[in-house]
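Commentary on secondary and tertiary structure
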Amino acid sequence: VLAGKFEERLGFSQALNLASGRITLNVQTKLTTFYPEMSLLDFIREQLGHDKPPNESECRLLNGLLRSCMVVTQQSDWKQSYEISRFDLRRPGEIFIESGKNLIEYYGDGKKIVLKKTNFPCVEVYLPNEYQNPCHLPLEVCRIQAWQVYDKP
């Protein structure tokens, strides 16, 4: 485990090559860094070193770490994945959906999920390849999807 709870594992790539009358198999090993499979709130706590809502500059840091990271959601039984676009400084009570409900009401009434971290900001996400339709998710209903490569230095 690396700093910030990233995981480093030995991976490999292989290639089968046809060469004049023989076949060769090349195997190269390398260390690959992965996002940890954990709740988004736990990841943020590890990165920031505290359990308080992130401020504007901390959100910018998190945007850099998590941009294009995939998260799965509690309301979909951890199956539906979304790609993170950015952190939105608005809270779940300040974001309204088409029905006129805010996110606290939407999750409580419709999904039977009681949000406890309503003072934390939301994350703007979108379904893969549907960039024109972003939506917002409270941090506490998100978990980082397993086996994602963190490809930044």
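This section reports on the structure supplied with the text. (Residues numbered from 1 in each chain as written. Predicted model: local features only at pLDDT ≥ 70, side-chain atom pairs only at ≥ 80, totals over all residues. Heavy atoms only, no water.)

The subject of this paragraph is the sheet that holds strand β4 (residues 81-88). Spatial strand order, β6-β5-β4-β3-β7: 5 strands in an open sheet with antiparallel pairing. What marks the edges here is a single partner per strand, and that holds for β6 (135-138) and β7 (142-144). Strand-to-strand twist in this sheet, taken as the mean axis angle between neighbours without regard to direction, amounts to 50 degrees. As defined by bridge partners, strand β3 (residues 70-73) adjoins β7 across 3 bridges and the pair is classed as antiparallel. Bridge pairing links V72 to R143 in β7. (Pairing = 2+ DSSP bridges. Helix = DSSP H or I, 4+ residues; strand = E, 2+ residues; numbered from the N terminus. Axes fitted to C-alpha atoms, helices over the stretch in contact; angles between N-to-C directions.)

Structurally, the position occupied by H136 is in strand β6. Between the alpha carbons of H136 and I97 there is a distance of 9.0 Å; along the sequence they are 39 residues apart. When residues no more than four places from it in sequence are discounted, the contact partners of H136 are D88, R90, I95, L103, C122, V123 and E124. At 3.0 Å, the side chain of H136 and the side chain of D88 are in polar contact. Separated by 3.4 Å, the side chains of H136 and R90 make a polar contact. (Contact = heavy atoms within 4.5 Å. Polar contact = N/O pair within 3.5 Å; in protein donor to acceptor, adjacent residues only side chain to side chain.)

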